Amino acid sequence: MELDRVLGAGLVDGSTTLLFGEPGVGKSTLALMALHSRASLGDAVVLVAAEESATQVGRRAQRLGEVPASLGVVAATDVASIERVLLECRPGLMVVDSISAVSDPSITAGAGSVPQVRHAAERLCRAARSVGTALVLVGHVTKDGDLAGPRTLEHLVDTVIRIDGDRHGTLRTLRCVKHRFGPTDEVGLMEMGPTGLRDLVDPAAQFAGSGLGVPGVVVGVALDGSRATRVEFQALVTACAGPPRRVAHQVSSQRLSLMLAVLDARCAVATSTLDVFAATAGGLAANEPGVDAALALAVASAVQGFAVDRDLAVVGEVGLAGELRAVAGASRRVREAQRLGATRVMVPVAGAPEDAPGVQLVTCATLADVLGRARNSTK
């Protein structure tokens with residue numbers, strides 16, 4: 001599953017993983033899926049339900065399919081009781097949902113307070129390490145989107161995973177914030193459905209976009225970890241009635257502002273009297289520098305009213321001087337663009353792939369080159 005992709009080697013025995021995200025994003029579902037997967041291998045696993053009853057957990061587990069016999073559920077909030085189950089049963093995997101609801105009556109602070117969360121996490125981490133159990137603690141976020149609880153909690157655990165997504169959408173992304181056993185640059189993509197989360201084996205369908213050859217629509221390729229993903233960038237400009245607005249959805253607002261400045265200063269594409277709206281299709285965030293050229297071309301296309309060919313993909317980072325810079329994973333991006341139907345790919349002169357069979361590479365030195373060639377090649 002995508003969780004294994006993010007973790008690299010899966011959940012390590014004796015390690016502690018902290019899984020957090022906003023309410024309703026799918027933390028409990030993902031944790032239950034991990035339990036299902038481990039139990040299907042014959043290992044004993046335990047879910048500690050600190051916020052729900054065993055009956056509620058059972059109903060949710062049934063939505064994921066047949067419940068394995070080796071999956072046990074314990075409804076408890078007392079850290080001593082949970083620790084006793086861990087030490088006596090020695091499960092291969094234990095999930096505590098959530099650590100904020102676990103407390104020790106001997107500590108006067110209330111459940112969810114910094115002393116309680118730190119104390120409970122320390123005891124459970126120590127116990128899991130002693131018996132070789134992979135422990136997953138489910139956490140919450142603050143109103144600012146940060147991990148709730150003491151900052152020492154992140155230092156205490158081995159791995160921290162964040163699950164993000166729009167509660168009103170289906171896309172969910174998994175990212176490692178910290179990982180002692182592997183890299184933290186991988187991203188997992190999942191989709192929330194009626195029966196829980198499922199892996200997006202080929203995200204291309206999710207991010208296919210409008211399919212319309214209209215001004216303001218450009219195909220780029222984003223690279224996140226080892227995954228190259230085709231992304232459709234959409235831009236819309238309208239006359240502003242007051243101060244110009246810049247609205248960025250799933251793209252970096254800072255990079256959008258930078259691209260608007262470069263377009264104005266280096267390419268004579270002025271937006272100072274226009275409202276500019278920029279977004280990606282499908283809900284995938286694309287904030288890395290390698291998508292600069294595609295984002296800038298989408299805005300220029302919308303401003304000047306020309307449509308960019310749908311068989312053209314654009315890759316490249318844009319500097320303040322208007323130059324196109326080399327990007328990481330250029331060959332991987334070109335292969336992904338070709339796999340999804342692109343016949344031409346615009347890439348920076350610097351770092352351009354030496355060989356790209358089956359696709360035409362259009363090398364550009366500046367953003368002005370990108371705009372000129374895209375406009376002149378419009379069918």
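Let me begin by describing the structure that accompanies this report.

The rules behind the values
- Residues numbered from 1 in each chain as written.
- Predicted model: local features only at pLDDT ≥ 70, side-chain atom pairs only at ≥ 80, totals over all residues.
- Heavy atoms only, no water.
- Helix = DSSP H or I, 4+ residues; strand = E, 2+ residues; numbered from the N terminus.
- Buried < 20%, exposed > 50% of the residue type's maximum accessible area, 1.4 Å probe, protein only.
- Contact = heavy atoms within 4.5 Å.
- Areas by Shrake-Rupley, 256 points an atom, 1.4 Å probe, with all protein chains shown as cover.
- Lys, Arg positive; Asp, Glu negative; His and termini not counted.
- Charge placed at Lys NZ, Arg CZ, Asp CG, Glu CD.
- Salt bridge = Lys/Arg side-chain N within 4 Å of Asp/Glu carboxyl O.
- Pairing = 2+ DSSP bridges.
- Axes fitted to C-alpha atoms, helices over the stretch in contact; angles between N-to-C directions.
- Right-handed = clockwise from strand over helix to strand, strands pointing away.
- 1 Å grid on protein atoms, 1.4 Å probe; cavity = no way out; pocket = protein on both sides within 12 Å on 5 of 7 lines; lining within 4 Å.
- Points joined across faces, edges and corners; volume = space filled by probe spheres on them.
- Core = buried A, V, L, I, M, F, W, Y, C linked by side-chain atoms within 4.5 Å.
- Disulfide = S-S within 2.5 Å.

Broken down by element type, the chain carries ten helices and 18 strands. By residue count, 50% of the 379 residues in the chain fall in the buried class. Across the chain, the fraction of contacts at a sequence separation of at least 24, relative to all contacts at a separation of at least 6, is 69%. Accessible surface for the chain amounts to roughly 16100 Å². Of this, 51% is attributable to carbon and sulfur atoms. Taking the 37 positively charged and 39 negatively charged side chains of the chain as two groups, their mean positions are separated by 2 Å.

Among all residues except glycine, the phi angle is most often negative; among peptide bonds, the trans geometry is most common. Of note, the amide linkage connecting Asp 97 to Ser 98 takes the cis form, showing an omega dihedral of 5°. One can find Ser 98 in the loop between β4 (93-97) and α5 (114-131). Even without glycine at this site, Arg 90 takes up a positive phi of about 50°. By the secondary structure assignment, Arg 90 is in the loop between α4 (79-89) and β4.

Take the pattern of salt bridges next. Here the structure, examined in full by the defined rule, presents 20 salt bridges. With a closest N to O distance of 2.8 Å, Arg 38 and Asp 43 form a salt bridge. Look at Asp 43 and you get partly exposed, because its relative accessible area is 28%. Salt bridges sharing common partners tie together Asp 13, Arg 38 and Asp 43.

On to the sheet that holds strand β5 (residues 134-139). Strand order in the open sheet made by the nine strands is β3-β2-β4-β5-β1-β6-β7-β8-β9, with mixed pairing throughout. Each edge of the open sheet carries a strand with a single partner, namely β3 (71-75) and β9 (196-199). The average angle at which neighbouring strand axes cross in this sheet is 25°, direction not considered.

Another point: the pairing of β5. Taken across its six residues, β5 has six buried, putting it largely inside the fold. Every second residue of β5 is oriented toward a common face, with Ala 134, Val 136 and Val 138 on one face and Leu 135, Leu 137 and Gly 139 on the other, all of them buried. Bridge count for strand β1 (residues 16-21) against β5 is five bridges, and the pairing is parallel. When the sheet's bridge partners are listed, Leu 18 is paired in β5 with Leu 137. Of the pairings in the sheet, the one linking β4 to β5 comprises five bridges and is parallel in character. From the neighbouring strand, Val 96 faces β5, where its bridge partner is Leu 137. Following the chain from β4 across α5 to the adjacent parallel β5, one finds a crossover that is right-handed.

Here we take up empty space enclosed by the protein. Under the counting rule described, the total for this entry stands at two cavities of 30 Å³ or more. The computed volume of the largest cavity comes to approximately 70 Å³. Around the largest cavity, the lining residues are Leu 3, Leu 11, Thr 17, Leu 19, Leu 30, Ala 31, Ala 34, Val 136 and Ile 161. Of all the secondary structure elements, the ones that give two or more residues to the lining of the largest cavity are β1 and α2 (27-39).

Moving on: the nonpolar core. One finds Phe 233, Leu 263, Leu 297, Val 314 and Leu 367 to be the most contacted residues of the largest nonpolar core, which totals 46 residues. Here the element with the most residues in this core is helix α8 (residues 292-304); it accounts for nine residues. Not counting residues up to four positions away in its chain, the partners in contact with Leu 297 are Val 218, Phe 306, Val 308, Val 314, Val 370, Leu 371 and Ala 374.

Let us look at the pairing of strand β10 (residues 217-224). The side chains of a regular strand alternate between the sheet's two faces. Counting buried positions along β10 yields seven of eight residues, so the element is predominantly enclosed. Here β10 runs beside strand β11 (residues 227-239); their pairing, made up of eight bridges, is antiparallel. Bridge assignment links Val 221 to a residue of β11, and that residue is Arg 230. Linking β10 back to β11 in an antiparallel pair, the connection comprises two residues, with Gly 225 at a positive phi of about 65°. Note: β10 against strand β14 (residues 312-314), two bridges, orientation parallel. Paired with Gly 220 across the bridge in β14 is Val 314.

A few words on the state of the cysteines. Here is the idea: a disulfide is a covalent bond, and it sits between the sulfur atoms of two cysteines. Within the structure shown, the criterion is met by zero disulfides. Between Cys 364, a free cysteine, and Cys 267, which holds the nearest cysteine sulfur, the sulfur-to-sulfur gap is 11 Å. Its relative accessible area of 0% is what places Cys 364 among the buried residues.

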